[in-house]
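# Reading the structure
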Amino acid sequence: MSRVYNFSAGPAVLPEEVLSEAAAEMMDYNGTGMSVMEMSHRSQAFQEIIDTAEADLRELMNIPDNYKVLFLQGGASQQFAMIPMNLMKHGEADYIVTGQWAKKAWQEAQKYGKANKIATSEDKTFSYIPDCSDLPISENADYVYICENNTIYGTKYKELPNTKGKILVSDVSSCFLSEPVDVSKYGIIYGGVQKNIGPAGVVIVIIREDLIFDDVLEGTPTMLKYKTHADAGSLYNTPPAYGIYICGKVFKWLKKQGGLEAMKERNEKKAKLLYDYLDESRLFKGTVEKKDRSLMNVPFVTGDKELDAKFVKEAKEAGLENLKGHRTVGGMRASIYNAMPYEGVEALVTFMKKFEEANL
C-alpha cells in the first residue's frame, strides 16, 4: 500500500528518508550486528549517537555554550511539574494561558506554589494571542511561562512576551525546529518531539546552566531534578534510546534541507497555500485571527457538524489522514509539520476545492 498524507497533530509525519534509513539499519546498526533498540545505552556506539544528536541540534539552533541540552522522558506534560519544582525559588510564577496545554501547565504549577494567570485568550476559545507587550508581571515571579504554538487551536506567538527581566520558559512542542529561534531569550525552551522531530517518548529540554541547581523544591524526586540529568549527560537512567536515534537522523535531515531558515521558508509557503484557500473559500473558514496563525497547525470548519464529519470521512478515503479537529474546537485540523511535503498540502487544497463544489 502506498503512504498516505498524514496530517496528524502528533505522533506525526516523519521524513521518508529518515524512515528508510532506520529501516535499513534495523537489523544491524553501523556494523554492530544489532538494532539501536537492542543496544546498551552505556555502549560506545550509543554514546556516539547521543553526542552527535546533541552537536547537530546545537548547530541547527545555534545554542549558546551556557545552555545544556537534555534528552528526557515523560513528555511535555511531565515538564508541567518539573519546571515549578526546579524554578519556583520564591514560590510564585506567571502563566500566559493561550490553550489547553498552557492551561494544564498553569493548573499543575498551582500544586507547588502561587501560579498567576496574567493573560489569557480563553474568552474567544483560544483563537488569538493576547497582547503581551505590557503584562502585569508579578514582582516575586520566578519565571513567565508560555506555550509558543498551540497545537489544538492553531495560534502562534509572533513576538515573545515582554517579561520585564523575568526568566521566560516556553513549550515549543508543536513548532520545534520549524524556524530559527534566539535561544538566549529563554531560560528554558522545551518540547515533546512527537510532533515535529521524532517518535513519541522523548522530550528535549534546553536549559540555561544557571537554572540547574541542587536547591530545588523540598521533596522533588531525584528523577525530576534537571541537575540529575545534566550531570549525567542525559544518561542517569536508561534513556529513550531509539527515539533519540531517530531525532538524530531528523537533525541530519534538517541540516541537509538547509537548516531552519530554509525550513521556515518551506513552512511559510505550505501554510500560505492553505490559508489563502481558506480566506477565499465559500464553504470552509479558518478559526484563528489572521495575525496569530500557526505555520504548523491549521484548524478550519464548515459550520455544519455533519458536513465536517462527511469531509473527514471522504478525505480519509482519498488518502488524507487524521484531519478531524480536536473536540474542543470541532471541525478539521491540518498539521503541516516540517516533514509534510508541499505536495501534501496541494493534495489537501485540491480535495477541499472538489468537496466545496460538490457540497455547496
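Residues numbered from 1 in each chain as written. Predicted model: local features only at pLDDT ≥ 70, side-chain atom pairs only at ≥ 80, totals over all residues. Heavy atoms only, no water.

Counting its secondary structure elements, the chain contains nine helices and 14 strands. Over its C-alpha atoms the chain spans a radius of gyration of 21 Å, differing by no more than 12% from the 21 Å that the globule rule assigns to 360 residues. Each of the three principal axes of the chain carries a C-alpha extent, and together these read 65 × 55 × 30 Å. Here the chain holds 360 residues, and the buried ones make up 56% of them. Relative to all contacts within the chain whose residues are 6 or more apart in sequence, the contacts with residues 24 or more apart total 68%. When the accessible surface of the chain is split by element, carbon and sulfur atoms take 48% of a total near 15,800 Å². Of the side chains in the chain, 43 bear a positive and 50 a negative charge, and the two mean positions are spaced by 4 Å. (Helix = DSSP H or I, 4+ residues; strand = E, 2+ residues; numbered from the N terminus. Rg over C-alpha atoms; globule rule 2.2 N^0.38 Å. Buried < 20%, exposed > 50% of the residue type's maximum accessible area, 1.4 Å probe, protein only. Contact = heavy atoms within 4.5 Å. Areas by Shrake-Rupley, 256 points an atom, 1.4 Å probe, with all protein chains shown as cover. Lys, Arg positive; Asp, Glu negative; His and termini not counted. Charge placed at Lys NZ, Arg CZ, Asp CG, Glu CD.)

The side-chain alternation of strand 8 (residues 168-171) yields two buried faces, one formed by Leu168 and Ser170 and the other by Val169 and Asp171. Sheet topology note: the strand 5 (residues 144-147)/strand 8 ladder contains four bridges and is parallel. Across the sheet, the residue bridging to isoleucine 146 is serine 170, located in strand 8. The pairing of strand 8 with strand 9 (residues 188-192) spans three bridges and is classified as parallel. Opposite serine 170, over in strand 9, you have isoleucine 189 as the bridge partner. (Pairing = 2+ DSSP bridges.)

With respect to topology, three strands assemble into an open sheet ordered 11-12-14, the strand pairing being antiparallel. Each end of this open sheet is capped by a strand with a single partner; those strands are strand 11 (285-286) and strand 14 (332-335). As judged from the two bridges shared by strand 11 and strand 12 (residues 297-301), these two strands associate in the antiparallel manner. Counterpart to glycine 286 in the pairing with strand 12 is phenylalanine 300.

When the terminal C-alpha atoms of helix 8 (residues 305-317) are compared, their 19 Å separation across 13 residues agrees well with the 18 Å that a helix rising 1.5 Å per residue should span. Buried residues belonging to helix 8 abut strand 12, strand 13 (320-321), strand 14 and helix 9 (342-359). N-capping of helix 8 is provided by aspartate 304, with a side-chain oxygen placed 2.9 Å from the backbone N of glutamate 306. Just past helix 8, the residue glycine 319 takes up positive phi, approximately 85°. (Expected span 1.5 Å × (residues − 1). Polar contact = N/O pair within 3.5 Å; in protein donor to acceptor, adjacent residues only side chain to side chain.)

Here we take up the nonpolar core. Counting 58 residues, the largest nonpolar core has Met61, Ile204, Ile206 and Phe251 as its most contacted members. At the level of elements, helix 1 (16-24), helix 2 (44-61), strand 2 (67-72), strand 4 (114-120), strand 5, strand 10 (203-208), helix 6 (241-257) and helix 7 (259-280) are the ones that each hand at least two residues to this core. Here this core takes ten residues from helix 6, the largest share from any one element. Non-local contacts of methionine 61, meaning those with residues more than four positions away in its chain, are made with Phe176, Leu177, Val181, Val183, Ile189, Ile206 and Leu260. Residues Val97, Val169, Val205 and Leu211 belong to the second largest nonpolar core, which totals 34 residues. (Core = buried A, V, L, I, M, F, W, Y, C linked by side-chain atoms within 4.5 Å.)

With mixed pairing, the seven strands of this open sheet are ordered in space as 2-10-9-8-5-3-4. Across the chains shown, the open sheet's two edge strands, defined by having one partner strand only, are strand 2 and strand 4. Strand-to-strand twist across the sheet, computed as the mean angle between neighbouring axes with direction ignored, equals 20°. Bridging between strand 3 (residues 92-97) and strand 4 involves six bridges; their strand directions are parallel. Within strand 4, the position partnered with tyrosine 95 by the bridge is lysine 117. (Axes fitted to C-alpha atoms, helices over the stretch in contact; angles between N-to-C directions.)

Right, let's talk about the packing of helix 8 against helix 9 for a bit. It is the contact of helix 8 with helix 9, at a shortest axis distance of 11 Å, that shows an interaxial angle of 135°. In this view, helix 8 runs oblique relative to helix 9, as classed from their interaxial angle. Two packed elements cross with a definite hand, and for helix 8 against helix 9 that hand is right-handed. Facing helix 8, whose interface residues are Leu307, Lys310, Phe311, Glu314 and Ala315, helix 9 presents Leu348, Phe351, Met352, Phe355 and Asn359. Considering only residue class, the contact of helix 8 with helix 9 consists of seven nonpolar, one polar and two charged. (Parallel < 35°, antiparallel > 145°, perpendicular 65-115°, else oblique. Left-handed = near helix turned anticlockwise from the far one by under 90°. Nonpolar A, V, L, I, M, F, W, Y, C, P; charged D, E, K, R; others polar.)

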